[in-house]
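Close look at the chain arrangement
Residues per chain are reported as follows:
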Amino acid sequence: MTGPAFASGAAHNFLDPYACDEPGSSWWDSAAQQRAEDDYPLLPPNPTHRLDITIDPRDRRRLDLHAALTAAGIPPRPEDREAIEQLSTLPTGINAAVRRWIQHTA
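Being a predicted model, the structure only gives us computed values, none of them experimental.

If you look at the biggest cluster of nonpolar residues, it comprises six residues: Leu65, Ala68, Leu69, Ile84, Val98 and Ile102. If you list the elements that add at least two residues to this core, you get helix 3 (57-71) and helix 5 (92-103). Non-local contacts of Leu69, meaning those with residues more than four positions away in its chain, are made with Ile74, Pro75, Pro76, Ile84 and Ile102.

Shown next as structure tokens:
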């Protein structure tokens, strides 16, 4: 013997969103329209606005050089720290040229 389709025996409601008295209007459309008016896309957060800190230009150049080396598949070794520190003291233009050479871009 087989049991009922719903083992709990509770009556389950079925809602047909297409069944309505007036063609072209239903609670579904009004709910979707209400949701669309309340919903709007948010812009992604900008980390510079979230943190009110300034990074020393020398530290910024050092971090950029580390990132360029790592992205190129050349992770800096601990013994490279002194060379990276010396390169970070160079002006921004020279540091940008070194990073460009590492990245092989023109």
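One can find Asn95 in helix 5. A polar contact of 2.7 Å, which involves the side chain of Asn95, links it to the side chain of Arg99. In contact with Asn95, other than residues within four places in its own chain, are Arg61, Leu87 and Ser88.

With respect to the helices, strands and loops of the structure, Arg61 is situated in helix 3. Salt bridges are absent for the buried Arg61, whose nearest opposite-charge side chain, Asp56, sits at 6.6 Å. A distance of 2.9 Å separates the side chain of Arg61 from the backbone oxygen of Ser88, its partner in a polar contact. Aside from chain neighbours lying at most four places away, what touches Arg61 is Ser88, Thr89, Leu90, Pro91, Thr92 and Asn95.

Turning our eyes to something else, we now look at the environment of Ala68. Considering the arrangement of structural elements, one finds Ala68 in helix 3. When the C-alpha atoms of Ala68 and Arg100 are compared, they prove to be 8.5 Å apart, with 32 residues separating the residues in sequence. Not counting chain neighbours up to four residues away, the residues in contact with Ala68 comprise Arg99, Ile102 and Gln103.

On the surface, a cluster of nonpolar side chains totalling about 280 Å² of accessible area is made up of Ile53, Ile55 and Leu63. Note that Leu63 resides in helix 3.

In contact at an axis separation of 9 Å, helix 3 and helix 5 are set at 10 degrees when each is read in the N-to-C sense. Taken together, the axes of helix 3 and helix 5 lie roughly parallel to each other. For the pair formed by helix 3 and helix 5, the contact residues are Arg61, Asp64, Leu65, Ala68 and Leu69 on the first element and Thr92, Asn95, Val98, Arg99, Ile102 and Gln103 on the second. Across the contact of helix 3 with helix 5, the residue classes break down as five nonpolar, three polar and three charged.

Our next topic: the environment of His104. Within the secondary structure layout, His104 lies in the segment after helix 5. Judged by relative accessible area, His104 falls into the exposed class, the value being 74%. Separated by 32 residues in the primary sequence, His104 and Ala72 have C-alpha atoms spaced 9.0 Å apart.

Two numbers describe how helix 3 lies on helix 4 (residues 81-88): the axes approach to 8 Å, and their chain directions differ by 125 degrees. Accordingly, the angle class assigned to the pair helix 3 and helix 4 is oblique. The hand of the helix 3/helix 4 crossing is right-handed. Between helix 3 and helix 4, the contacting residues are Arg58, Arg61, Arg62, Leu65, His66 and Leu69 on the first element and Ile84, Glu85, Leu87 and Ser88 on the second. Partitioned by chemical class, the residues of the contact of helix 3 with helix 4 number four nonpolar, two polar and four charged.

What counts, and where the lines are drawn
Residues numbered from 1 in each chain as written. Predicted model: local features only at pLDDT ≥ 70, side-chain atom pairs only at ≥ 80, totals over all residues. Heavy atoms only, no water. Core = buried A, V, L, I, M, F, W, Y, C linked by side-chain atoms within 4.5 Å. Buried < 20%, exposed > 50% of the residue type's maximum accessible area, 1.4 Å probe, protein only. Helix = DSSP H or I, 4+ residues; strand = E, 2+ residues; numbered from the N terminus. Contact = heavy atoms within 4.5 Å. Polar contact = N/O pair within 3.5 Å; in protein donor to acceptor, adjacent residues only side chain to side chain. Lys, Arg positive; Asp, Glu negative; His and termini not counted. Salt bridge = Lys/Arg side-chain N within 4 Å of Asp/Glu carboxyl O. Patch = residues over 30% accessible without salt bridge, like charges linked within 9 Å, V, L, I, M, F, W, Y side chains within 5 Å. Areas by Shrake-Rupley, 256 points an atom, 1.4 Å probe, with all protein chains shown as cover. Axes fitted to C-alpha atoms, helices over the stretch in contact; angles between N-to-C directions. Parallel < 35°, antiparallel > 145°, perpendicular 65-115°, else oblique. Nonpolar A, V, L, I, M, F, W, Y, C, P; charged D, E, K, R; others polar. Left-handed = near helix turned anticlockwise from the far one by under 90°.

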